[in-house]
Amino acid sequence: MKTREEWEREVKAAEQARGWQGRYRMKYHLMPPVGWLNDPNGLCQFQGVYHVFFQYDPLYGTDSGKFWGHYTSKDLVSWNYEGLALFPDRQEDRNGVYSGSAWIRDGEMHLFYTGNVKRKGDYDYIDRGRESCQLGVTSRNGLRMSEKQKFLGMEDYPPEYTAHIRDPKIYEKDGRFYMALGGRKRWEQEGTRLDRGAILVYESADLETWKLAGEIESRERFGYMWECPDLFDLGGRTVVSFSPQGVPGEARRFQNVYQSGYGFLSAPFEGRGWGTRTVDGFREWDMGFDFYAPQSFQGEDGRRLLLAWASVPDSEKEYGNPTVEEGWIHCLTVLREIRERNGILCQEPAGELKTLRKGEFSLPEKEAVKLPSDAVDIELSAAGNGPFRVMLEDGVSGSAMVLEAEGTQARLAFSGSLGAGRKERLAVLDREIEDVRILLDVSIAEIYINGGETVFTTRLYPQGEGMTLRTEGGEGRGWEMGGFQMRKG
Ligand code: FRU
């Protein structure tokens, strides 16, 4: 196993030689300096500073395993890249420092993560050949980490669980701490092994000693594995967010290979004993092609913020990522403020992003407007008297992205090369379309409908010179967006 110093040297060299480059890199989204990024991890605000850690494979293509990369910011628009935060340098995490979260307590940052071990050999990697331990570090300044400490190992899990147990997220209630872990439980139906997803909950008084407290399950089986669980209170209820795998697709729901969404804990949690609880309902966070593994945290001002990986695992067969050729793959969404309205968790880009708005331009109905930049923020309102349609074209013949809504039916569709294989996603709105905000940033679009009740996130890969936007059944305005200021470490 390599030491921390060896990893650091190797990764720094890769970042310096091949990093921060590519025509599809964005201006106000976080991306890996080089190589591969997936889930956001360890999100928190600590001593006034926002911390965004992320699953990072800078040496993509080798079997180095996952690291935690690290960005910090005081204002969500100027960012520092802090380099690698966690390395696979222990037996328990030798095949990857997997996803996890942060908790701030008594002036200290506590980070929790899953150590992944994948033994070499002839294993199914479900019941055998895999180990998942829960580990952690602490930090007094958010940058220098303590020695790693192991909290839970294979011997601590209930026997009916497979070896897929990961992604610790902390929830606090009445001075006690709960660690939610995503899991895959052995489960059969009529003699056929299907497995089912569930959340394991461990309890602690001190964030160090953890003991099993209970589980969260769906009433009916809902997929075979739940990744990246998240528990938080909002609007008087306890939200249970998770990313299930194995949910059958439907015409207007569950259209991606894996989903991520939320329900609510069946009964409010009163603190005394967890036991088995159920999650009621499941609403997808995002109806677009590229959204997975969201994680939330509470800012020091009390806001609930959500950040997700703008991609979905195992979707390569359906659509491509042309940035592979540029030496970097994937990005995060923008941070989203979450508010509850009529039982729906509405998402809105963090207010700070508006400070990046520069020149304003108008978008009259039925006029093809050449956008002043490949990074813009657009606000449209629907006239409300017929179908609504926005068409974005990159100047390549037959290539476009279209957002359409009629009644409560909405559709996001690509033609030509712009979607790199992405075709169509549908959604049912909660009410007729009234307003749309589109964050377009070089190779990503985040589309927020009706105050963020429904969101579509998608990557896109323009090939022409500049973009044109045309609206029917509505009009609006837009702003050219300045980019994040980025200190590259
Ligand atoms: C979700 C996930 C997590 C895991 C991590 C590994 O995308 O599979 O469950 O911890 O990615 O990178």
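Provided above is the structure to which this section pertains.
Each residue is numbered by its place in its chain's sequence as written, counting from 1. With pLDDT at 70 or above as the cut-off, local features in this predicted model cover only qualifying residues; side-chain atom pairs require 80 or more to be listed or tallied, and sums for whole chains, interfaces and linings still use all residues. Calculation of side-chain values draws on the structure's entire complement of heavy atoms; hydrogens and water are dropped beforehand.

1. Let's talk about unusual backbone geometry
1) Next: For Asp-174, which is not a glycine, the phi torsion comes out positive at approximately 50 degrees.
2) Next: Secondary structure elements follow DSSP: runs of H or I no shorter than four residues count as helices, runs of E no shorter than two count as strands, and numbering proceeds from the N terminus. With respect to the helices and strands, Asp-174 occurs in the loop between strand E9 (161-173) and strand E10 (176-185).
3) Next: Phi is positive for Leu-207, which is not a glycine, with a value near 70 degrees.
4) Next: Along the polypeptide, Leu-207 turns up in the loop between strand E13 (196-204) and strand E14 (211-218).
5) Next: Judged by its relative accessible area of 1%, Leu-207 is buried. Throughout this description, buried means an accessible area under 20% of the type-specific maximum (1.4 Å probe, protein chains only), exposed means over 50%, and partly exposed covers the range between.

2. Some remarks on the side chain of Arg-130
1) Next: Along the chain, Arg-130 turns up in strand E7 (residues 130-139).
2) Next: Buried charged residue Arg-130 carries no salt bridge. Nearest counter-charge: Asp-124, at 7.5 Å.
3) Next: In what follows, a contact means two residues having at least one pair of non-hydrogen atoms within 4.5 Å. If we skip the residues at most four places from it in the chain, Arg-130 touches Asn-116, Val-117, Lys-118, Tyr-125, Met-154, Ala-163, His-164 and Arg-166. Counted as positive: Lys and Arg. Counted as negative: Asp and Glu, with His and the chain ends omitted from the count. Salt bridges are identified by distance alone: a Lys or Arg side-chain nitrogen within 4 Å of an Asp or Glu carboxyl oxygen.

3. Quick look at the nonpolar core
1) Next: Residues grouped as a nonpolar core are buried Ala, Val, Leu, Ile, Met, Phe, Trp, Tyr and Cys residues, joined through side-chain atoms within 4.5 Å. If you look at the biggest cluster of nonpolar residues, it comprises 77 residues, and the most contacted ones within it are Tyr-28, Leu-371, Met-401, Val-436, Ile-447, Phe-456 and Leu-460.
2) Next: By convention here, the domain bounds are inherited from an automatic or database domain assignment. In terms of domain composition, this core takes at least three residues from each of domain 1 (4-349) and domain 2 (357-487).
3) Next: Once residues lying within four places of it in the same chain are set aside, the contact partners of Leu-371 are Phe-361, Val-376, Ile-378, Leu-392, Leu-440, Met-467 and Leu-469.
4) Next: In terms of nonpolar packing, the next biggest core, distinct from the first, is built from 18 residues, Tyr-171, Ala-180, Val-201 and Val-279 among them.

4. Structural notes on the site of the ligand
1) Next: If a single non-hydrogen atom of a residue is within 4 Å of a molecule or strand, that residue counts as near it. Around the ligand, a shell composed of Asn-38, Asp-39, Gln-55, Lys-66, Tyr-98, Ser-99, Arg-166, Asp-167, Glu-227, Tyr-292 and Trp-309 is seen.
2) Next: Taking Asn-38, its side chain carries an N or O atom lying 3.0 Å from an oxygen atom of the ligand.
3) Next: Polar contact is the term for a pair of N or O atoms within 3.5 Å; when the atoms are in protein, one must be able to donate a hydrogen and the other to accept it, and sequence-neighboring residues count only if both atoms are side-chain atoms. Note that an oxygen atom of the ligand is positioned 2.6 Å from one of the side-chain N or O atoms of Asp-167.
4) Next: Protein burial of the ligand: of its 320 Å² of free accessible surface, 92% is covered by the chains.
5) Next: Contributing elements (two or more residues each) for the shell around the ligand: strand E1 (35-46), strand E5 (97-105) and E9. Using the Shrake-Rupley algorithm and a 1.4 Å probe, accessible areas are obtained, with residue cover drawn only from the displayed protein chains.

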